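# What the coordinates show
The lines below spell out each chain.
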Amino acid sequence: MSHLQNSRRLFQGCVDDDCTVSTGPDAPRFSSAVHTGLKTLSGFLKSTRICKTANRWALLPLMVVLFFGPASAQDTSGLFQDDTNVPWHIVADEITYDDKTNVYTGRGRVVITKKNKNLSADYVRFDQKTMKVSADGHVVMTVGENILTGSRMEMNLDAETGTVYDGTIFLQENHFYIKGDKIQKVGEDSYTADKASVSSCDGDQPAWKITGRNLKITVEGYGVVKHAALWAKKVPVLYTPYLVFPAKRERQSGLLAPQFGYDDRKGAVYLQPLYWAINESSDATFYAHYMSRRGAKLGGEYRYVLDEQSKGTLMVDFLDDRKVDDGSFESNKWGFDDDDALRPNSDRYWFRAKHDQALPAGFFARLDIDYVSDQDYLREFQYGYTGFDKTRAYFNKVFGRELDEYDNPVRLNRFNVNRNWFLYSLNAELRWYDDVINRRQSETDDTLQQLPAITFDGLKQKILTSPFYFDLKSEYTYFYSEDALRGHRGDVYPRLYLPYRFSNYFSLEPSVGVRQTVWHFDKNEYSPSDKNMLHREMYDVKVDLSSEIFHIFNLNGEGVERIKHTVKPQVIYDYIPEKDQSEYPLFDSLDRIERKNMVTYSLTNTLTSKSKIPTANKVTHPPKPVGNNRYEPPAHTYNQFLWFKLEQSYDIDKGNEDDPEPFSPVNIKLQIFPRKYFAIDADADWSHYDSAFRSRNIALTFWDPRGDTLFVSHRYKRDTSESVYTNLRLKVSDRLSAVAEYERDIFNGNELRSGLGFLYETQCWSLYTNYLKEGDDQKIGFMIELYGIGGVGSK
């Protein structure tokens, strides 16, 4: 047997001299394979390299990874792939090779590295004849950000079986720990552990963990553990003699975390979702929603992706409600006080869907469906997995399109095809307005549908080399109604501009617009005249005079270097001649364009700060090119932290007619956002005739670096409404937060909403509990979330 003393330095020299992979017939080479998820304990051992200098062989030890995936889906496809073209590097205090037994041994501070993989141990031994490898003493292996530790490891490469003792695996992606006293690989894709625990908590005494015995798990299959228990610190809180969980890397079908709670209108509530991973491009979720007072509501969602631009989602719920609002005294509780319409139906449902579809030649199609059984349904089911709030947030996030408000009884359904060019756009839509109350309770339906509504618009653009500019608005709509007037309308509205700038003093832009509108009626009892075609020609004139004055204040502060104050005075004159339009139909506001002879003047102030970006915060991907296609990160940031506008109009016609109020109220708008500590958004209409506000709205937000936030809004409209809403989040400590909200209808003297909640957060779990009162309805909810596993309860 030959000994390599001081081999750390000798072998390091081999590495420094680019001693790579032995390619001779006696050099052991093992094929590389892709090992994903739990398919380990041989992944790093199946690609072995030997580096040699003269007759001295240095063992490039074999790496072992044990990976145990929690129930949630994870992508580990890159963690255990090995590249046979990259050599392993080893450093140890002593490395020996036995020629007779073909055994390689490394002792003392053994460190093996390859790309982002690293294995360290006190002792490593590899038997080339039996293909057995063992590592002992402080075994630590890292693959990227994932870490395996153990006291000892043994592996047979041919059989792909082995054992890791006192093993712990840390998965950085979801901060997850898996521990076992003796983890065995008993087959190509199968593993067992005598004792095992899982947790997302740091430390030797985790705040929570799930433990069990006789763990058996199969890659891309399921795991089974006996005598499973959920622990809070050292206290067991939940036990089951047998637990089955998915152990798949891909999306996994199965039960999701339930929601439960109590509601005055619904009683005890339990909502259980079931997830179905259909294939790589589609999935579905089914819901069973039990309410002790109302019955069982069933629902489903289907999601699919066709290509990068084409996707869709369909959702449906159905409830055979035990309670109705038919006008009787007993049913009064099941309606809503501010809704005069009754809800006599017990069959209740909501079908909604959105779809995006890329079409040839740059066209794009969108479909929106929103079909509900009654006007109260979305108010009744505003929260929860299948509630209005969750649905609207999902559609807005995935499709960028909202739903009509939950209390709006008229729901928009539409199919849109559009095409955008650089200066022009084409939109064609079928719009169906579903008036729920009319559909359910009226014998006639005069709701106007637009089948289709087509618009073709052009942006403001220069006419060849002339000083003139123009833009274009045009539309065609066919209005359809079951029990009202039906007809076609076409409207073309080009506008011609002649902008002129007088040096740096002011800008003047006169413009004239010409409108041609044509109506054609279907012959029916609702026709406004004997004529089946009408037309209208109109024009309007506009003159826009504005200037911009600014001054820069040099502060040279550590944070803000400069502040730019800009003042923009503007005067706009609008003129539309009077025209008798009584013979025309009235489909919408475009059919009645009123005379206008008005001057509007405004004054806008803005304050914009210029601040230097600290070196540590500069972006690494510059947004703008400089000379020779090189890039530089921006050196400064700009923030418009104040915007203040005053605007008023004078109606010339009212002034000529001695109208007592030719001046409109002064419209005031204010926005302040200094980026730190507070923000203000306010608007108001002040009447100098009354010396009072006709309307005013203000929203204030305050926050601090600790995480405390306060939001207050007040809305007022004279003789109509006044309300106040406030929301407070207070960080009582690093872990405990209190949340409170309150809304009151000041005008009618009613409390609309009040609630109080507490959130307790730790590194690996959180508890939220709250009480909410809306009118006569009271709700109590709580949610326990174990990070990495999921949560149960309801908010």
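Treat the numbers as computed from the prediction; the structure is a model and nothing was measured. (Residues numbered from 1 in each chain as written. Predicted model: local features only at pLDDT ≥ 70, side-chain atom pairs only at ≥ 80, totals over all residues. Heavy atoms only, no water.)

Turning our attention to the overall build of the protein. The number of helices and strands found in the protein is five helices and 47 strands. Residue burial in the protein is summarised as follows: out of 795 residues, 41% are buried. Summing over all exposed atoms, the protein offers an accessible surface of approximately 42700 Å²; the carbon and sulfur share of this is 55%. (Helix = DSSP H or I, 4+ residues; strand = E, 2+ residues; numbered from the N terminus. Buried < 20%, exposed > 50% of the residue type's maximum accessible area, 1.4 Å probe, protein only. Areas by Shrake-Rupley, 256 points an atom, 1.4 Å probe, with all protein chains shown as cover.)

With that settled, consider the packing of aromatic side chains. In the structure shown here, the tally under the stated rule is 20 aromatic pairs. On the basis of an interplanar angle of 25° and a centroid distance of 4.4 Å, the ring pair of Tyr97 and Tyr104 is categorised as stacked. Tyr97 gets classed as buried once you look at its relative accessible area, which sits at 11%. Members of the aromatic cluster, each reached through a chain of ring pairs, are Tyr97, Tyr104 and Phe126. (Phe/Tyr/Trp six-rings, centres within 6.5 Å; stacked < 30°, edge-to-face > 60°.)

Quick look at the state of the cysteines now. Evaluation of the coordinates by the stated rule reveals one disulfide. The residue that forms a disulfide with Cys201 is Cys764, at a sulfur-sulfur distance of 1.8 Å. Disulfide Cys201 to Cys764: torsion about the S-S bond roughly 85°, handedness right-handed. Residue Cys201 is found in the loop between β12 (190-199) and β13 (208-218), and its partner Cys764 is found in the loop between β44 (750-761) and β45 (765-774); the two are separated by 563 residues along the sequence. Grouping residues by exposure puts Cys201 and Cys764 together as buried. (Disulfide = S-S within 2.5 Å.)

Following the criterion strictly, the structure yields 44 salt bridges and no others. Between Arg392 and Glu402 there is a salt bridge, with its nearest N and O atoms 3.9 Å apart. In this pair, Arg392 is assigned in helix α3 (residues 388-399) and Glu402 in the loop between α3 and β24 (410-420), connecting sequence segments ten residues apart. A salt bridge links Arg694 to Asp690; the shortest N-O distance between them is 3.3 Å. Given the relative accessible area of 25%, Arg694 is considered partly exposed. A network of salt bridges, in which partner residues are shared, links Lys311, Lys354, Asp356, Asp368, Arg401, Arg414, Glu429 and Arg431. (Salt bridge = Lys/Arg side-chain N within 4 Å of Asp/Glu carboxyl O.)

Here we take up unusual backbone geometry. Residues Leu451 and Pro452 are joined by a peptide bond in cis, for which omega reads 5°. Relative to the elements of secondary structure, Pro452 occurs in strand β26 (residues 449-462). Even without a glycine there, the phi angle at Arg675 is positive, about 80°. The phi angle at Tyr677 is positive, at roughly 75°, despite the residue not being glycine. Among the structural elements, Tyr677 can be located in the loop between β38 (666-672) and β39 (678-687).

Looking now at a nonpolar patch on the surface. Taken together, the side chains of Leu255, Leu274, Trp276, Ile278, Phe286, Tyr302 and Leu314 define a hydrophobic patch exposed on the protein surface, amounting to about 640 Å² of accessible area. Sorting elements by how many residues they give to the nonpolar patch places strand β18 (residues 267-279) first, with three residues. (Patch = residues over 30% accessible without salt bridge, like charges linked within 9 Å, V, L, I, M, F, W, Y side chains within 5 Å.)

The next subject is the environment of Arg715. Topologically, Arg715 is positioned in strand β41 (residues 709-717). Each C-alpha atom, one on Arg715 and one on Ser695, is 7.9 Å from the other, the two residues being 20 residues apart in sequence. Aside from chain neighbours lying at most four places away, what touches Arg715 is Arg696, Asn697, Ser721, Glu722 and Ser723. (Contact = heavy atoms within 4.5 Å.)

For the rest of this paragraph, the subject is the nonpolar core. By size, the foremost hydrophobic cluster in this structure holds 19 residues, and its most contacted members are Val110 and Ala135. Contributing elements (two or more residues each) for this core: β6 (103-114), β7 (117-127), β8 (132-143), β9 (146-156), β10 (161-171) and β11 (176-185). In this structure, Met291, Leu378, Phe388 and Leu403 belong to the second largest nonpolar core, which totals 14 residues. (Core = buried A, V, L, I, M, F, W, Y, C linked by side-chain atoms within 4.5 Å.)

It is worth spelling out the pairing of strand β22 (residues 347-358) at this point. In the sheet, strand β21 (residues 311-320) pairs with β22 via ten bridges, with the strands oriented antiparallel. Within β22, the position partnered with Leu314 by the bridge is Ala353. Sheet analysis places β22 next to strand β23 (residues 364-372), joined by nine bridges and oriented antiparallel. Paired with Phe351 across the bridge in β23 is Tyr371. What sits between the antiparallel neighbours β22 and β23 is a turn of five residues, in which Ala361 has the positive phi angle 65°. (Pairing = 2+ DSSP bridges.)

Glancing now at the side chain of Ser649. Among the secondary structure elements, Ser649 is positioned in strand β37 (residues 636-651). Only 2.8 Å separates the side chain of Ser649 from the side chain of Thr600, close enough to count as a polar contact. Not counting the four nearest positions on each side in its chain, Ser649 is found in contact with Met598, Val599, Thr600, Pro662, Phe663 and Ser664. (Polar contact = N/O pair within 3.5 Å; in protein donor to acceptor, adjacent residues only side chain to side chain.)

Right, let's get into the confidence of the model for the protein. Low pLDDT means the predicted atomic positions in that stretch should not be read closely. Confidence along the protein averages 82 in pLDDT terms, with 81% of residues attaining 70 or more. Under a pLDDT of 50 for its full length, residues 1-82 has, in the predicted model, 238 contacts with residues more than four places off or in other chains. (pLDDT = per-residue confidence, 0-100.)

All right, on to the pairing of β38 then. Regular strands show a simple pattern: their side chains alternate between the two faces of the sheet. Pairing analysis gives six bridges linking β37 to β38, with the strands arranged antiparallel. Paired with Leu646 across the two strands is Ile668, which belongs to β38. One ladder, built from seven bridges, connects β38 with β39; its direction is antiparallel. Opposite Lys669, over in β39, you have Asp683 as the bridge partner. Remark: five residues form the turn of the hairpin made by β38 and β39, two consecutive strands paired antiparallel; Arg675 in that turn has positive phi of roughly 80°.

The next subject is α3. Helix length check: α3, at twelve residues, gives a terminal C-alpha distance of 16 Å against a target of 16 Å (1.5 Å per residue), a fit within 8%. Among the residues making up α3, those that are buried are Phe388, Thr391, Phe395 and Phe399. One face of α3 carries all of its buried residues, which in axial projection span an arc of 65°. Check the buried side of α3 and you find it contacts β21, β22, α2 (377-380) and β24. Gly400, located one to two residues past α3, shows a positive phi value of around 70°. (Expected span 1.5 Å × (residues − 1). Arc of directions from axis to C-beta.)

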